[in-house]
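So the chains spell out like this:
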Amino acid sequence: MSLIDSIYTRRSVRSYRIEALDEADMLKIKAFINHLEIPFEHNVELKIFKAESKKKLYTMFSAPKDNLAILAETDMISISKAGFIGELAVLYATSLGISTCWFGHYHLKTLNTLIPHMEVTEEDPRWSYGKGIVNGRRVIAITPLAYHKDKGLRLIDRIQASVMSHKRKPLEVLLTGKKNLSEPVKYALELARLAPSAANLQFWRFHVSKDETQIRIAMPVGYKHPKWEHPNVDIGIAASHVYLGLTERKIPFAIEIKEEEGCAAWYFKL
């Protein structure tokens, strides 16, 4: 299964088998992370870590053995880059039959014991997610890396996983600027439309210039997510889908990321 195939098949999962990943799958994920080529400079780290099901980490389910943390600096652009890079790893895990779910909210004290270098200090007591910029890299989001368990999921979570996580707004609603798109550009934006987002609110907006030499991905001006402190993560996730789509269609492009009007804005120059 390719990463693009994974875009179509992936669903957020909230019920997992507790056992560790097969060694072969774990080696493949580590190799993918270690050899991942990113088309821009960054300071994002993908860190696999172990957890214990007896310790509370996730808010909805017991943690499986293997998990992935996405660490980045806390300015808007770095946080958005974390979404881009983390999503590539999530899609690769999906291609191996491994289930995932982006989680920005988790039990801070538990994670601090599992990733001990994220130490609380008197100078900087905020060692994980939070509003505003803090010193150093922080865990922006985590995801389980585990095999799906069919049973043991609450009805409301089953509905969210099977219905809400798969429902998407039509592309026309998300487009500003040019509407009549060429096939390669439309293909890339259709993939972006399928990106996961916090509470499935799908708040990205895609602006295509009249001559189709530029695609811009950002939030609407003044947008405030009701629950999630780092919605720029989701913009980066959508951008990674555009990246995969343009690459698949062999369209040359350059990426520029700017902070504009209080959010991260991604530009694909075609």
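So, a few notes on the structure that sits alongside this text. (Residues numbered from 1 in each chain as written. Predicted model: local features only at pLDDT ≥ 70, side-chain atom pairs only at ≥ 80, totals over all residues. Heavy atoms only, no water.)

1. Focus: the layout of surface pockets
And step 1. What the second largest pocket holds in volume is close to 490 Å³.
And step 2. Around the second largest pocket, the lining is made up of 26 residues, and of these Met76, Lys224, Glu229, Pro231 and Asn232 lie nearest the centre.
And step 3. Class assignment of the residues belonging to the lining of the second largest pocket gives a composition of 11 nonpolar, 8 polar and 7 charged. (1 Å grid on protein atoms, 1.4 Å probe; cavity = no way out; pocket = protein on both sides within 12 Å on 5 of 7 lines; lining within 4 Å. Points joined across faces, edges and corners; volume = space filled by probe spheres on them. Nonpolar A, V, L, I, M, F, W, Y, C, P; charged D, E, K, R; others polar.)

2. Description of the packing of helix H7 (residues 183–193) against helix H8 (residues 232–248)
And step 1. Two elements in contact, H7 and H8, have axes separated by 7 Å at closest approach and are oriented at 145 degrees. As H7 packs across H8, the resulting crossing turns out to be right-handed. When H7 is examined against H8, the residues Pro184, Tyr187, Ala188, Leu189, Leu191 and Ala192 are found in contact with a partner set consisting of Ala238, His241, Val242, Gly245, Leu246 and Glu248.
And step 2. For the contact of H7 with H8, the residue count by class is 9 nonpolar, 2 polar and 1 charged. (Axes fitted to C-alpha atoms, helices over the stretch in contact; angles between N-to-C directions. Helix = DSSP H or I, 4+ residues; strand = E, 2+ residues; numbered from the N terminus. Left-handed = near helix turned anticlockwise from the far one by under 90°. Contact = heavy atoms within 4.5 Å.)

3. Things to note about the sheet that holds strand E2 (residues 66–72)
And step 1. The sheet built from 3 strands is open, its strands ordered E1-E2-E3 with antiparallel pairing. Pairing within the sheet leaves two strands with one partner each, and these edge strands are strand E1 (45–50) and strand E3 (138–144). Each strand of the sheet is rotated relative to its neighbour by a mean of 30 degrees, with strand direction disregarded.
And step 2. With 6 bridges joining them, E1 and E2 adopt antiparallel strand pairing. What sits directly across from lysine 50, in E2, is aspartate 66. (Pairing = 2+ DSSP bridges.)

4. Observations concerning the pattern of salt bridges
And step 1. Here the structure, examined in full by the defined rule, presents 9 salt bridges.
And step 2. The shortest N-O distance in the salt bridge between glutamate 19 and arginine 17 comes to 2.7 Å.
And step 3. Using a relative accessible area of 38% as the deciding quantity, one classes glutamate 19 as partly exposed.
And step 4. For lysine 269, the salt bridge identified is with glutamate 256, shortest N-O distance 3.0 Å. Pair noted here: lysine 269 is in strand E8 (residues 263–269) and glutamate 256 is in strand E7 (residues 254–260), with a separation of 13 residues, a long-range link.
And step 5. Given the relative accessible area of 32%, glutamate 256 is considered partly exposed.
And step 6. Here the salt bridges do not stand alone but share partners, grouping Glu256, Lys258 and Lys269 into one network. (Salt bridge = Lys/Arg side-chain N within 4 Å of Asp/Glu carboxyl O. Buried < 20%, exposed > 50% of the residue type's maximum accessible area, 1.4 Å probe, protein only.)

5. Examining H7
And step 1. Looking only at H7, the buried set comprises Val185, Tyr187, Ala188, Leu189, Leu191, Ala192 and Arg193.
And step 2. Those residues of H7 hidden inside the fold are in contact with helix H1 (3–9), helix H6 (171–174), strand E4 (175–177), strand E5 (205–208), strand E6 (214–218) and H8.

6. As for helix H2 (residues 23–34)
And step 1. With 12 residues, H2 should cover 16 Å at 1.5 Å per step; its first-to-last C-alpha distance of 16 Å lies within 8% of that length.
And step 2. Turning to H2, its buried residues are Asp25, Met26, Ile29, Phe32 and Ile33. Looking straight down H2, one finds that the buried residues subtend no more than 125 degrees of arc, so they occupy a single side. Turned more than 90 degrees away from the buried face of H2, the exposed residues are Glu23, Leu27 and Asn34.
And step 3. For H2, the elements touching its buried residues are H1, E1, E2 and helix H3 (76–95). (Expected span 1.5 Å × (residues − 1). Arc of directions from axis to C-beta.)

7. So, the nonpolar core
And step 1. With 69 residues, the main nonpolar core has Leu189, Phe206, Ile217, Trp266 and Phe268 as its most contacted residues.
And step 2. The element best represented in this core is H3, accounting for 11 residues.
And step 3. Setting aside anything within four residues of it in sequence, one finds isoleucine 217 in contact with Trp204, Arg205, Phe206, Ile235, Ala238, Ala239, Val242, Ala264, Ala265, Trp266 and Phe268.
And step 4. Core analysis: the next-biggest nonpolar cluster, separate from the first, contains 18 residues, Val13, Ala51, Tyr58 and Ala69 among them. (Core = buried A, V, L, I, M, F, W, Y, C linked by side-chain atoms within 4.5 Å.)

8. Some remarks on the environment of tyrosine 58
And step 1. Tracing the chain through its elements places tyrosine 58 in the loop between E1 and E2.
And step 2. Looking at tyrosine 58, the relative accessible area reads 0%, which means it is buried.
And step 3. When the C-alpha positions of tyrosine 58 and leucine 111 are compared, they lie 9.6 Å apart, and in sequence the two are 53 residues distant.
And step 4. In this view, tyrosine 58 contacts Ala63, Pro64, Asn67, Phe103, His107, Ile142, Thr143 and Pro144; residues no more than four positions away in its chain are not counted.

9. Structural notes on the environment of arginine 205
And step 1. Its place among the elements puts arginine 205 in strand E5.
And step 2. Between the C-alpha atoms of arginine 205 and isoleucine 217, which are 12 residues apart in sequence, the distance is 5.7 Å.
And step 3. Each residue touching arginine 205, except ones within four places of it in the same chain, is listed here: Lys169, Val173, Leu174, Arg216, Ile217, Ala218 and Pro220.
And step 4. A distance of 3.4 Å separates a polar side-chain atom of arginine 205 from the backbone oxygen of glutamine 202. (Polar contact = N/O pair within 3.5 Å; in protein donor to acceptor, adjacent residues only side chain to side chain.)

10. Observations regarding the sheet that holds E4
And step 1. A sheet is described by the order of its strands in space; here 5 strands give the open sequence E4-E5-E6-E8-E7, paired in mixed fashion. The open sheet has two edge strands with one neighbour each: E4 and E7. With strand direction ignored, the average angle separating the axes of adjacent strands in the sheet is 25 degrees.
And step 2. As defined by bridge partners, E5 adjoins E6 across 4 bridges and the pair is classed as antiparallel. The residue of E6 that forms the bridge with arginine 205 is alanine 218.
And step 3. H7 contacts E4, E5 and E6 of the sheet and is inclined by roughly 170 degrees relative to E5.
And step 4. Of the strands in this sheet, E6, E7 and E8 are in contact with H8, which crosses E8 at around 10 degrees.

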